There are 2 protein chains.
Amino acid sequence: MSRVAYVNGRYLRHAEAQVHIEDRGYQFSDGVYEVILIKNGHMIDEEQHLKRLQKSLSSLEIVLPMKQTAMRHIMKEVIKRNKFQNGIIYIQITRGVAAREHSFPKYSNPTLVMTARRIAAKNYNEIESGVKVITIDDIRWKRCDIKSISLLPNVLGKQTARNQGAYEAWMVDAAGYVTEGTSTNAWIVSPDGRLITAELGRNILSGITRNRFIKIIHELNYKLEERQFSVEEAKNAREAFFTSSTSFLTPVTEIDGAVIGNGRAGSLSIELLKAYDNYMNQAY
Amino acid sequence: MSRVAYVNGRYLRHAEAQVHIEDRGYQFSDGVYEVILIKNGHMIDEEQHLKRLQKSLSSLEIVLPMKQTAMRHIMKEVIKRNKFQNGIIYIQITRGVAAREHSFPKYSNPTLVMTARRIAAKNYNEIESGVKVITIDDIRWKRCDIKSISLLPNVLGKQTARNQGAYEAWMVDAAGYVTEGTSTNAWIVSPDGRLITAELGRNILSGITRNRFIKIIHELNYKLEERQFSVEEAKNAREAFFTSSTSFLTPVTEIDGAVIGNGRAGSLSIELLKAYDNYMNQAY
């Protein structure tokens, strides 16, 4: 079965979906994106993703090429045409095609691209063994709150992790604090059971899944602290994990070689993941 | 006459030149570029541009999809097919098309794109009146020595300049020093006639035109200092200007509203520009 992509008004075979070489997304990374999970044919936290997309667009002064209701219709159509029940939809909007010149073009029609792909269900046995994380310097720009396609530092960071046999790299600012992962939000559990994740600011992305876990943590009456934490504090944490729309919650069992907890997924991490699974199953 | 672009082995009508939506240049700004000036049908400082391109590619571990001699042949062919004598050639190389995933794909063929366009000759009367510059915070990532397409902060900076009626924005680091312009290198002339531009490092791009002017300055026996300078020092400079492959040398007559010198292009700036013009005319 062939995948279908959407590009500016047309549904195309994925393999044939193209954009012009002078699309500003291609020459300047002048655009934004969202990745939304599809669970049993339904989008998880669609509202929150679209709200963040709008915020990212506003930050770059890109005007959505259509009303949001029209875009929602296309999103549903893309999911339908790709004929899967579990996967993701990827939405990218750039400032559009214009003669190459750094400043915004006087006129340009933003480019809207959507792709979708199936993803396999999580395997809890695999999850329990956890993953390794390394830490790297956070060399990104100072507006990481915008979900832009200017992702080269994230790419290099993720590759550094892979080269060292790790699944993710946590980025550390000049003061020694963990900001976030290259494509995930970072969390730790303190020795006395408080959940800790960096507070929102221009140095991290306001993760939709991060924010959903915060709600779940409140509902379960666990203690939460949105604050900076150092690499040292992370290494001495009782549990550690990261969250994202595609990975949900992934337990971390090693940070820069230091074993976290007993080297297996922490019990609180698994409890939260199960609560998130429940949330997803009741979300529609 | 229609423009011709090159994309991965094919010469195409510019308007029809496209890349796949999952080109990593489009989704991750995972690529690099060069802009080379064409003067009377010849490329200016071709060697230096290609050397820098190779350095940028190496930094990202992208392997040039062909030998450099083959690429030079394509560059010449692109210029020839576009049938102009004075303009620029734009070269972009990305890691290629792959299923979206931050880390490097196991296999991908880098994408090579070239475009060309005519540009008008400089008008010295216009140059003499100079341009306005504003200063903004340097919010870019920490590897600005790589000429990557991850240019969103540069785009936003240039637009901020345009919004304030200025031609360029000079970026200022946390310590208050000017790093460079959003697409140009920044220079000042001290009250006693020394030429000053920031030293090379990971915070600025090694401008080919910057480096060419350094050679010219040495040949003309002017004093040069490659060192940091503050906004305050710039405002009190005798002259100020910026350099780039497409703008050569552009005199700056106002920085954040402060008039530089007598509000017209400085005499040393014009002398250097004329020397650069001579260099270009003798370069082939």
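Higher on the page you've got the structure.
A brief report on the enclosed structure follows. What you see is a predicted model; the values in this text were computed from it and never measured.

Turning to the pattern of salt bridges, a few remarks are in order. A full pass over the atoms with the stated rule returns 36 salt bridges over all chains. Linking Asp 145 of chain B and Arg 143 of chain B is a salt bridge whose minimum nitrogen-to-oxygen distance equals 3.0 Å. Owing to a relative accessible area of 17%, Arg 143 of chain B belongs among the buried residues under this scheme. Salt bridges here are not isolated pairs; linked through shared partners, they connect Asp 192, Arg 194, Glu 225, Arg 227 and Glu 233 of chain A.

In this section: the interface of chain B and chain A. Each partner contributes residues to the interface: chain B has 55 residues there, and chain A has 55 residues. The contact between chain B and chain A buries some 4700 Å² in all, and 60% of this surface belongs to carbon and sulfur atoms. Looking at the side of chain B facing chain A, the largest losses of area belong to Ile 21, Tyr 26 and His 102 of chain B, adding up to 17% of the total buried there. At the junction of chain B with chain A, the criterion picks out two salt bridges. Among the salt bridges present, the one from Arg 162 of chain A reaches Glu 101 of chain B, with a minimum N-O distance of 3.0 Å. No other element matches helix α5 (residues 152-163) of chain B, which puts eight residues into the side of chain B that touches chain A. Its residues assigned to classes, the side of chain B that touches chain A comprises 22 nonpolar, 18 polar and 15 charged.

Glancing now at the relation of the copies chain B and chain A. It takes a turn of 180 degrees to lay chain B on chain A, together with a shift of 0.0 Å along the axis; the resulting RMSD is 0.0 Å. This pairing of chains is accounted for by a two-fold axis.

On to the sheet that holds strand β4 (residues 31-39) of chain B. Residue and element names in this part refer to chain B. Within the open sheet, the six strands sit side by side as β2-β1-β7-β6-β4-β5. Their pairing is antiparallel. This sheet does not close on itself; its edge strands, each paired only once, are β2 (10-13) and β5 (42-43). Relative to β2, strand β1 (residues 4-7) is paired through four bridges, and the arrangement is antiparallel. Counterpart to Val 7 in the pairing with β2 is Arg 10. Sitting on the sheet, helix α2 (residues 46-59) is in contact with β4, β5 and β6 (87-94), with an inclination near 175 degrees to β4.

This part is about the sheet that holds strand β2 (residues 10-13) of chain A. Residue and element names in this part refer to chain A. With antiparallel pairing, the six strands of this open sheet are ordered in space as β2-β1-β7-β6-β4-β5. Strand pairing shows two members of the sheet lacking a second neighbour, β2 and β5 (42-43), which therefore form its edges. Together, β1 (4-7), β2, β4 (31-39), β5, β6 (87-94) and β7 (111-118) form the strand contacts of helix α3 (residues 68-82), whose direction differs from that of β7 by roughly 35 degrees.

Attention now goes to the packing of aromatic side chains. According to the stated counting rule, one finds 16 aromatic pairs over all chains in the structure shown. Aromatic side chains Tyr 167 of chain B and Phe 242 of chain B sit 5.9 Å apart centroid to centroid with 10 degrees between the ring planes, which places their arrangement in the stacked category. Highlighted residues: Tyr 167 of chain B in the loop between α5 and β9 (168-172) and Phe 242 of chain B in strand β14 (residues 239-244), separated in sequence by 75 residues. Judged by its relative accessible area of 39%, Tyr 167 of chain B is partly exposed. On the basis of relative accessibility, which here comes to 0%, the residue Phe 242 of chain B falls in the buried class. Residues Tyr 276 of chain B and Tyr 279 of chain B carry aromatic rings whose centres are separated by 6.0 Å and whose planes lie at 40 degrees to one another, so their mutual orientation is tilted. Of this pair, Tyr 276 of chain B and Tyr 279 of chain B both sit in helix α8 (residues 267-282), three residues apart, which is roughly one turn of that helix. Through pairs of rings, three or more aromatic residues link up here, namely Phe 213, Phe 248, Tyr 276 and Tyr 279 of chain A. Here the basic side chain of Arg 81 of chain B rests over the ring of Tyr 11 of chain B, its NZ or CZ set 4.0 Å away from the ring centre.

The rules we used
- Each chain has its residues counted from 1, following the order in which its sequence is written.
- The order in which chains are written sets their letters, starting at A; the order in which ligands are written sets their numbers, starting at 1.
- At least 70 in pLDDT is required for a residue's local features to be given in this predicted model, at least 80 for side-chain atom pairs to be given and counted, and no such filter applies to totals for whole chains, interfaces and linings, which use all residues.
- Excluded from the side-chain calculations are hydrogens and water; all other atoms, namely the structure's heavy atoms, are used.
- Salt bridges are defined as contacts in which a side-chain nitrogen from Lys or Arg sits within 4 Å of a carboxyl oxygen from Asp or Glu.
- Here's how the labels work: a residue is buried when its accessible area is under 20% of the maximum for its type, exposed when over 50%, partly exposed in between, all with a 1.4 Å probe on protein chains only.
- A contact between two residues is defined here by any heavy atoms of the two lying within 4.5 Å.
- Take the accessible area each of two parts loses on contact, using a 1.4 Å probe, and add the two losses: that sum is the buried area.
- Here a helix means four or more residues in a row that DSSP labels H or I, a strand means two or more in a row labelled E, and each is numbered from the N terminus.
- Polar here means any residue other than Ala, Val, Leu, Ile, Met, Phe, Trp, Tyr, Cys and Pro, which are nonpolar, and Asp, Glu, Lys and Arg, which are charged; Gly is therefore polar.
- Fitting of the copies onto one another was done by least squares over C-alpha atoms, counting residues only where both copies have pLDDT of at least 70.
- Pairing between strands requires that DSSP locate at least two bridges from one strand to the other.
- Axes here refer to lines fitted to C-alpha atoms; in helices the fit is confined to the stretch in contact. Angles between the N-to-C directions go from 0 to 180 degrees.
- Here the aromatic set is Phe, Tyr and Trp, taking the six-membered ring for Trp, and pairing holds for ring centres within 6.5 Å; pairs whose planes are under 30 degrees apart are stacked, those over 60 apart are edge-to-face, and all others are tilted.
- The criterion is that NZ of a Lys, or CZ of an Arg, lies within 6 Å of the ring centre and within 35 degrees of the ring normal, and then a charge sits over that ring.

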